[in-house]
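What follows is each chain in one-letter form.
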Amino acid sequence: MATLRIRIAVLIIAGFLALLFLLCYYPVTNSPLSVHYTSEQNYSAAPLEWRRGSPTLGIASEIYVVSLPRREERWREMERLRSALGLRWTYHPATEANDTIVGAIMQREHHNIPLSSYCSFSWPADISTLAESTEILDLWTPDFLKPESISKLSEDWQIHPFPPLLCTTRNYTVGNYPAKPPKHLYLTPARVACWHSHLSLIHRIANKENLEMRDSVLILEDDVDMERDIRGQLAGMWPLLPDDWDIVYLGFCWSSEGVAAPLKNPNDDLTQEKPPKFRLFPSRSPKCTHAYALSKIGARRLLLHLRYAPFAYSRSIDQALAWLIESGRLKSYTVVPSLVAQRKIVDSDIMPGTGSKWRYHLLDGVLGL
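Residues numbered from 1 in each chain as written. Predicted model: local features only at pLDDT ≥ 70, side-chain atom pairs only at ≥ 80, totals over all residues. Heavy atoms only, no water.

Novice: Please set out the state of the cysteines residue by residue, giving values where relevant.
Specialist: Each disulfide consists of a covalent bond between the sulfur atoms of two cysteine residues. For the structure on display, the rule yields 1 disulfide. Disulfide partner of Cys253: Cys288, at an S-S distance of 1.7 Å. Disulfide Cys253-Cys288: torsion about the S-S bond near 80°, hence right-handed. Linking Cys253 in the loop between strand 7 (247-249) and helix 9 (268-271) with Cys288 in the loop between strand 8 (279-282) and strand 9 (291-295), this pair joins segments that are 35 residues apart in sequence. This pair shows no difference in class: Cys253 is buried, exactly as Cys288 is. Cys194 takes part in no disulfide bond, and the closest cysteine sulfur, belonging to Cys288, lies 9.9 Å away. (Disulfide = S-S within 2.5 Å. Helix = DSSP H or I, 4+ residues; strand = E, 2+ residues; numbered from the N terminus. Buried < 20%, exposed > 50% of the residue type's maximum accessible area, 1.4 Å probe, protein only.)

Structure below.
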């Protein structure tokens, strides 16, 4: 009799646990938020409810955060942001300003200074063909740096001082700078390191086998904050992008964006009394690289421009991207006002103090000041 009672008790407990499991697990695994969308699937076609809960904001296959591993205070803040919004991303190690590769690039750039604004320059004719191909792309062209020369060039740069380098403008032009140019016009090791950090990640994206050409990847820097409703805002505007977009800025600085007509949802006038607060505009000349999305083909096109020897490492990378957009080399769009902003509350790795004076305040940021 005792044995029978024990068996009945075990069955009752097992039944209770099974019921508890179904109540807790079944609704979750069958909800729209649990659907797994692969990189081959179109995120804009996903159910709106899923995109609003997507760990990659419903617009990207992956998110990467460019970050120096030693900047633990930035990592902690980014983890606060990730946790608050339920995001998933991968940290991409940034390049230190004293890295060997930076020394080699600085030495090479010193011996490759354009002499005047009329230097002959032309972009490679095969950029579009290579961007649309499946060919594996190298980080730079053979005439830029040879692997066996990197250590020697870096040593030379450390030992033999040379005059400070000035940034170029447009394609390959030395600007008409004053006798004592301001600090932001100098090509510093920190600026070269920032360019290399982003370029190495763009190279990684451009060659990813599990990405289709029109899949997108979001790149963030490690000092940002986001609007709390960023998912919902992006869900409404992302389907408006044309198929041939290359880059979308989710945040920008130092530019008058939103000048051209915005991308228009044909249902806006029917469903809303006034236009949405956040809209997509054709880019004018956005600066800063703290939050931008690339299609895979856009990453390939950008890599082919940024690695081209006369243009590579010639200025701050955000200035390079802005010029490529201005000159029609990239098809770019900008979210106005910004959905992602730099916080500028800790020291910058590129500029003195917390960086440039530009400071954009989000309407309802997750992290605040």
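Novice: Which residues make up the pattern of salt bridges, and what values go with them?
Specialist: Following the criterion strictly, the structure yields 13 salt bridges and no others. For Glu62, the salt bridge goes to Lys208, with nearest N and O atoms at 3.6 Å. Of this pair, Glu62 sits in strand 1 (residues 62-67) while Lys208 sits in the loop between helix 7 (189-206) and strand 5 (216-221), and the two are 146 residues apart along the sequence. The class for Glu62 is buried, based on a relative accessible area of 19%. On the basis of relative accessibility, which here comes to 18%, the residue Lys208 falls in the buried class. Notably, a salt bridge pairs Lys152 with Asp156, separated by 2.9 Å at the nearest N-O pair. Remark: Asp156 and Lys152 occur in helix 6 (residues 150-159); sequence separation between them is 4 residues, near one turn of the helix. (Salt bridge = Lys/Arg side-chain N within 4 Å of Asp/Glu carboxyl O.)

Novice: Can you break down unusual backbone geometry residue by residue, with the values?
Specialist: Residues Val336 and Pro337 are joined by a peptide bond in cis, for which omega reads -10°. Inspection of the secondary structure assignment puts Pro337 in the loop between strand 10 (332-336) and strand 11 (340-342). Although it is not a glycine, Trp254 adopts a positive phi angle of roughly 50°. Structurally, the position occupied by Trp254 is in the loop between strand 7 and helix 9. Overall, the relative accessible area of 46% leaves Trp254 in the partly exposed class. Although it is not a glycine, Tyr313 adopts a positive phi angle of roughly 55°. Within the secondary structure, Tyr313 is located in the loop between helix 10 (296-306) and helix 11 (317-326).

Novice: Describe the packing of aromatic side chains, with residues and values.
Specialist: Within this structure, the stated rule accounts for 12 aromatic pairs. Relative to Trp123, the ring of Phe121 lies with its centre 5.0 Å away and its plane at 90°, an arrangement referred to as edge-to-face. Site record: aromatic cluster; members linked through ring pairs are Phe121, Trp123, Trp140, Phe144, Tyr172, Trp195, Tyr308, Phe311 and Tyr313. (Phe/Tyr/Trp six-rings, centres within 6.5 Å; stacked < 30°, edge-to-face > 60°.)

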